[in-house]
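Summary of the model geometry
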Amino acid sequence: VSILGAAALLNSLVDAETSQRGFALTGDENFLQPYLSAQDQVHGQLKELRSRARAGSSLIHLDTMAPLVDTRLKEMAEIIELRRREDLPAVIAMVSRARSRQTMDLIRAEVRNFTRSETQELERQHAVFDSSMNRMFAIVVGICLLALLLAVAFAYLAFRETRHRLKALVHEETEHLLKTQTELNQQLQLINFNLHISEERLAVTLNSIDDAVIATDSEGRVTLLNPLAERLTGWTRVEAHHRPVEEISITRGPPSKIH
């Protein structure tokens, strides 16, 4: 904005100078309109440039430019006044004076210096901005990576905690199953022991009674003979085991024993 403002200021002075020359040559007041507009604008433009200048060196160029602008406007005002008084020789002398051209050349030089200073400051600010953006981008990337690492760490910790809990549950369940199996084994041992005792008691009972006893299963097959039944039938317990009870006769033994 300040660079465009400096160009606008120089254009206003050039327009004022052209307007003053046109009036000096013709004496027509209509030529003075650009000069009058520039006269009202120039000081406002200088003030605006001062408020928008970015670099300290730019203010130095504006300080140098301000009296030159006042001088040039004063010279143009003198020429216009001389022309209004019809003092053409004095007008020609002032217009052709080298000092007027030197003043404009100095103003142009200060405008160029101001523009160069503002351009350098703008480039410096852009570099600072780019550096800040790069630094901010690096920070954002770093934060994102840190967040990702934290998320991975959290997921790993959660996974490890879950695995530990699962292992604890499996271990607890395994211990419970082992305990249950141990209890079942103890119960089975106790049942087997009681069954063995019962079988021994039954064997003693069957061997001691005076009756022949033949036991069968639900299908009528022999499962047990006591000694008296073995003597009366001629069948041993092994021979008669799982045979139909009808084959076991008290009057005859196994086929191999019949003569």
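In this numbering scheme, every chain counts its residues from 1 along its sequence in written order. Per-residue local features are limited, in this predicted model, to residues with pLDDT of at least 70; the limit for side-chain atom pairs, both in listing and counting, is 80 or more; totals at the level of whole chains, interfaces and linings are taken over all residues. To get the side-chain values, all heavy atoms of the structure are used, and hydrogens and water are removed first.

The share of residues in the protein with pLDDT of 70 or more is 94%, and the mean pLDDT across the chain is 85. Across the protein, helix 3 (residues 56–84) holds the top mean pLDDT of 90, while helix 4 (residues 88–95) sits lowest at 84. Each residue carries a pLDDT score, the predictor's confidence in it, ranging from 0 to 100. A run of DSSP states H or I qualifies as a helix once it reaches four residues; a run of E qualifies as a strand once it reaches two. Both are numbered from the N-terminal end.

What follows covers helix 2 (residues 33–52). How far a helix is expected to stretch is found by multiplying one less than its residue total by 1.5 Å. In this model helix 2 runs 28 Å from its N-terminal to its C-terminal C-alpha over 20 residues, within 8% of the 28 Å that 1.5 Å per residue would give. The seven residues ending at a residue and the seven starting there each receive a fitted axis; the angle between those axes is the bend at that residue. The sharpest bend along helix 2 reaches about 30° and sits at Gln41. Burial classes follow relative accessibility: with a 1.4 Å probe on protein chains only, a residue under 20% of its type's maximum area counts as buried, one over 50% as exposed, and anything between as partly exposed. Taken together, the buried positions of helix 2 are Tyr35, Ala38, Val42, Gln45, Leu46 and Leu49.

Right, let's talk about the nonpolar core for a bit. Formed by 24 residues in total, the largest nonpolar core has its most connected members in Val42, Met65, Val69 and Ile107. Breaking this core down by element, the ones donating at least two residues are helix 1 (2–26), helix 2, helix 3 and helix 5 (98–208). No other element matches helix 3, which puts 7 residues into this core. Between two residues, a contact is recorded if the distance between any of their heavy atoms is within 4.5 Å. When neighbours within four sequence positions are excluded, Met65 is seen to be in contact with Leu9, Leu46, Ile107, Glu110, Val111 and Phe114. Of all hydrophobic cores here, the second largest spans 6 residues; its members include Val222, Leu225, Trp235 and Ile248. We define the nonpolar core as a collection of buried residues of types Ala, Val, Leu, Ile, Met, Phe, Trp, Tyr and Cys that are connected through side-chain atoms lying within 4.5 Å of one another.

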